[in-house]
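# Descriptive analysis of the structure
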Amino acid sequence: MIAPEPSVTDVAIVGAGPVGLAAALALADEGFAVTLLGSPDAPRDGRTVALLDGSWRLLETLGVAASLAGKVAPLSVMRLVDDTGSLFRQPPVEFRASEVGLEAFGWNVATTDLVAALSARTAAHPAIVAAPHQVEAAAPADDAVSLRADDGSAFVARLVVGADGRRSPMRRAAGIEAREWTYPQVALTAILGHARDHRDVSTEFHTRAGPCTLVPLPGRRSSLVWMLTQAEAKSVAALDDAGFAGAVEARTHSILGALSVAGPRGAVPMAGLSVDRFGARRVALIGEAAHVFPPIGAQGLNLGLRDVMALRRCLRGAADPGADAVIGAYDRARRTDVRLRTGAVDALNRSLLTDLMPADLLRGAGLLALAKIGPLRRLVMRQGLAGGLSAS
Ligand SMILES: Cc1cc2nc3c(=O)[nH]c(=O)nc-3n(C[C@H](O)[C@H](O)[C@H](O)COP(=O)(O)OP(=O)(O)OC[C@H]3O[C@@H](n4cnc5c(N)ncnc54)[C@H](O)[C@@H]3O)c2cc1C
């Protein structure tokens, strides 16, 4: 049998999760012919993402934000509660978006709704060809990368964008090393209904097993990310919906009144991953293919969307989108932001897991300083939000 002629494209995006879909739109808008390989999907486990201000502006420029109207809730206040029982425990700290001149820090949306909105937009984009197949083989060469999908179709791309998640076959094909580690925690996720209004306030309880966070959704609903030890997570996950809602209510001190489960529930083991380079051999890595860390402070997908913005800038006007100079510029552009976030989230998570006095003292002093020193609080808010890139 004669092998089919490969389809030739400027950019092949491998992986149609939220980051891959956003990258397809951003690079197609820059005038590149884009092939999107993979089936649009999102875990149906009650997971939501809090899209910070910069990410929301990116969705606006990609023409996706308007279709999420009614499905997102603003995060106007973020409250941190030290619930570790530490000797140096501090009163809750509140960050208000209005303090840094914003209406909201960001918008919380179910991951399934976000992926559906992005995928509807990619399907309508004239410069994007969708190939909903798994990539089975990738062979980078000097002038292009050859790809083979599981239906036998073949593609040749000058640039491959690896948006293929934490196990990333594209990362392996490019020969990029990843360092992986695990945490002794599992995050339980759920969509909850509640008796009281959340008033657009997200509350993060810092406990000895990690944070337990309630994030507003439209109406009297919030999403839950509750980090527990593996043994505790197993027993809480085994509860029926009523028992589960009761356990969350007790953990969150009934701040939202009576709770009920109002959607799917999930359990995600906590892990971390970092790479030594963000691109090589005509392959650029974005999203969880390049960085994974626990869901603290709504950073993961926001960082992935900042990868998309950086890649777009590096590709702008490039004659060869996979040239060494482009890949090198992208690698340099992402190093600081990604390492800073990975390190900060890891340090905060580990400081909760230890009950050593120096760590407690430092965390307590940090929270006290944040509560009392307005300029420091505003600096931290801007750092948490920014990442130094605009949506353009
Ligand atoms: C409990 C929890 C809460 C979170 N909350 C937040 C939050 O509030 N804010 C935030 O910013 N982030 C949050 N995150 C992080 C966020 O969910 C992730 O960063 C984001 O989903 C990663 O998206 P991605 O597109 O990079 O990867 P994925 O969603 O994993 O997508 C990768 C895609 O690639 C596909 N793929 C893999 N291999 C191939 C192949 N060979 N061929 C074709 N396709 C392939 C997969 O099928 C998948 O569709 C949270 C994470 C967790 C676990």
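See the structure above.
The present account deals with the structure reproduced in this document.

Cut-offs applied
Along each chain, the written sequence defines residue order, and numbers are assigned to residues from 1. Restriction of local features to residues with pLDDT of at least 70 applies here, the model being predicted, together with a cutoff of 80 or more for giving and counting side-chain atom pairs; totals for whole chains, interfaces and linings are based on all residues. To obtain the side-chain values, all non-hydrogen atoms of the structure were used and water was disregarded. Here a helix means four or more residues in a row that DSSP labels H or I, a strand means two or more in a row labelled E, and each is numbered from the N terminus. Think of it in three bands: with a 1.4 Å probe and only protein chains considered, a residue is buried below 20% of the maximum accessible area for its type, exposed above 50%, and partly exposed in between. Here a residue-residue contact requires only that any non-hydrogen atoms of the pair lie within 4.5 Å. To measure how exposed things are, a 1.4 Å probe is used in the Shrake-Rupley method; for residues, cover is taken only from the protein chains shown. Only buried residues count toward a nonpolar core, which is a set of Ala, Val, Leu, Ile, Met, Phe, Trp, Tyr and Cys residues joined through side-chain atoms within 4.5 Å. Whenever a helix is involved, its axis is fitted only over the stretch in contact; in every case the axis is a line through C-alpha atoms, and angles between N-to-C directions fall within 0 to 180 degrees. By definition in this entry, angles of less than 35 degrees are roughly parallel, angles greater than 145 are roughly antiparallel, angles of 65 to 115 are roughly perpendicular, and the rest are oblique. A clockwise turn of the near helix away from the far one marks a right-handed crossing, whereas an anticlockwise turn of less than a right angle marks a left-handed crossing. Amino acids outside the nonpolar list (Ala, Val, Leu, Ile, Met, Phe, Trp, Tyr, Cys, Pro) and the charged list (Asp, Glu, Lys, Arg) are all regarded as polar, and Gly is one of them. We define proximity as follows: a residue is near a molecule or strand when any one of its heavy atoms falls within 4 Å of that partner. Nitrogen and oxygen atoms within 3.5 Å of one another constitute a polar contact, given that in protein one can donate a hydrogen and the other can accept it, and given that sequence-neighbouring residues count only through two side-chain atoms. This arc is built from the directions going out from the helix axis to the C-beta atoms. Strand pairing requires that DSSP identify at least two bridges connecting the strands. When the strands point away from the viewer, a crossover counts as right-handed if the path from the first strand over the helix to the second runs clockwise. Aromatic rings from Phe, Tyr and Trp, with only the six-membered ring used for Trp, were paired whenever their centres fell within 6.5 Å, and each pair was classed as stacked if the ring planes differed by under 30 degrees, edge-to-face if by over 60, and tilted otherwise. For a Lys NZ or an Arg CZ to count as sitting over a ring, it must be within 6 Å of the ring centre and within 35 degrees of the ring normal.

Before going further, it helps to examine the overall build of the protein chain. Tallying secondary structure elements over the protein chain gives ten helices and 19 strands in all. Counting only residues that meet the buried cut, the protein chain has 54% of its 392 residues in that class. Partitioning the contacts of the protein chain with sequence separation of at least 6, the portion at a separation of at least 24 is 73%. Approximately 16400 Å² of the protein chain is accessible, and the part contributed by carbon and sulfur atoms is 56%.

Counting 79 residues, the largest nonpolar core has Ile13 and Leu147 as the members making the most contacts within it. Among all residues touching isoleucine 13, those that are not within four sequence positions of it are Gly20, Ala23, Ala24, Leu27, Val34, Thr35, Leu36, Leu37, Val161 and Ala163. In terms of nonpolar packing, the next biggest core, distinct from the first, is built from 19 residues, Val186, Cys212, Trp226 and Ala233 among them.

This part is about the packing of helix 2 (residues 53–61) against helix 7 (residues 300–315). Two elements in contact, helix 2 and helix 7, have axes separated by 9 Å at closest approach and are oriented at 50°. Judged on the interaxial angle alone, helix 7 and helix 2 are oblique. Remark: the crossing between helix 2 and helix 7 carries left-handed chirality. On the side of helix 2, the interface is formed by Gly54, Ser55, Leu58 and Thr61, while helix 7 contributes Asn302, Leu305, Val308, Met309 and Arg312. A breakdown of the residues in the contact of helix 2 with helix 7 according to their chemical character gives four nonpolar, four polar and one charged.

Near the ligand, the surroundings consist of 29 residues, among which Asp41, Val135, Glu288, Leu301 and Asn302 are the closest. Separating an oxygen atom of the ligand from a backbone N or O atom of valine 19 is a distance of 3.1 Å. Between threonine 48 and the ligand, the recorded distance is 3.5 Å, taken from a backbone N or O atom to a nitrogen atom. Of all the secondary-structure elements, those providing two or more residues to the shell around the ligand are helix 1 (18–29), strand 3 (48–52) and helix 7. Of the residues that constitute the shell around the ligand, the class distribution is 13 nonpolar, twelve polar and four charged.

A few words on helix 6 (residues 241–251). Taken together, the buried positions of helix 6 are occupied by Phe244, Ala245 and Val248. When helix 6 is viewed along its axis, its buried side chains cluster within an angular range of 100° and face the same direction. Away from the buried face of helix 6 by more than 90 degrees, exposed residues Ala242 and Ala250 are located. Summarising the contacts, the buried residues of helix 6 are in contact with strand 12 (178–194), strand 15 (221–229), helix 5 (230–237) and strand 16 (259–275). Positive backbone phi, at 55°, marks histidine 253, one or two positions downstream of helix 6.

In this section: the packing of helix 1 against helix 3 (residues 111–124). For the pair helix 1 and helix 3, the least separation of the axes is 9 Å and the interaxial angle reads 30°. Regarding the angle of helix 1 to helix 3, the classification is roughly parallel. Crossing of helix 1 over helix 3 shows left-handed handedness. Between helix 1 and helix 3, the residues in contact are Pro18, Leu21, Ala22, Ala24 and Leu25 and Leu114, Val115, Leu118, Ser119, Arg121 and Thr122, respectively. A breakdown of the residues in the contact of helix 1 with helix 3 according to their chemical character gives eight nonpolar, two polar and one charged.

Most of strand 1 (residues 7–14) sits inside the fold, with six of its eight residues counted as buried. Pairing of strand 1 with strand 11 (residues 154–162) involves seven bridges; the strand directions are parallel. Paired with alanine 12 across the two strands is valine 160, which belongs to strand 11. Relative to strand 2 (residues 34–37), strand 1 runs parallel, the two sharing four bridges. Directly across from alanine 12, in strand 2, lies its bridge partner threonine 35. As for the winding sense of the linkage, the β-α-β connection from strand 1 through helix 1 to strand 2 is right-handed.

The next subject is the sheet that holds strand 7 (residues 106–110). Read from one edge of the open sheet, three strands run 3-7-4, paired in antiparallel fashion. Edge positions in the open sheet fall to strand 3 and strand 4 (73–75), since each of these has one partner strand only. The average undirected angle you get between the axes of adjacent strands in this sheet is 30°. In terms of strand pairing, strand 3 meets strand 7 through five bridges, oriented antiparallel.

Tallied over the entire structure, the rule returns one aromatic pair. Ring plane angle 25° and centroid distance 5.2 Å describe the contact between tryptophan 56 and tryptophan 107, whose orientation is recorded as stacked. Remark: tryptophan 107 occurs in strand 7 and tryptophan 56 occurs in helix 2; sequence separation between them is 51 residues. Between the NZ or CZ atom of arginine 265 and the centre of the ring of phenylalanine 244, over which it lies, the distance is 4.1 Å.

With respect to the helices and strands, the residue phenylalanine 278 is situated in the loop between strand 16 and strand 17 (279–280). Through-space distance from the C-alpha of phenylalanine 278 to that of glycine 328 is 8.6 Å; in sequence the pair is 50 residues apart. Discounting chain neighbours no more than four positions away, the residues touching phenylalanine 278 are Ile176, Val283, Ala284, Leu285, Ala290, Tyr330, Asp331, Arg334, Arg335, Val338 and Arg339.

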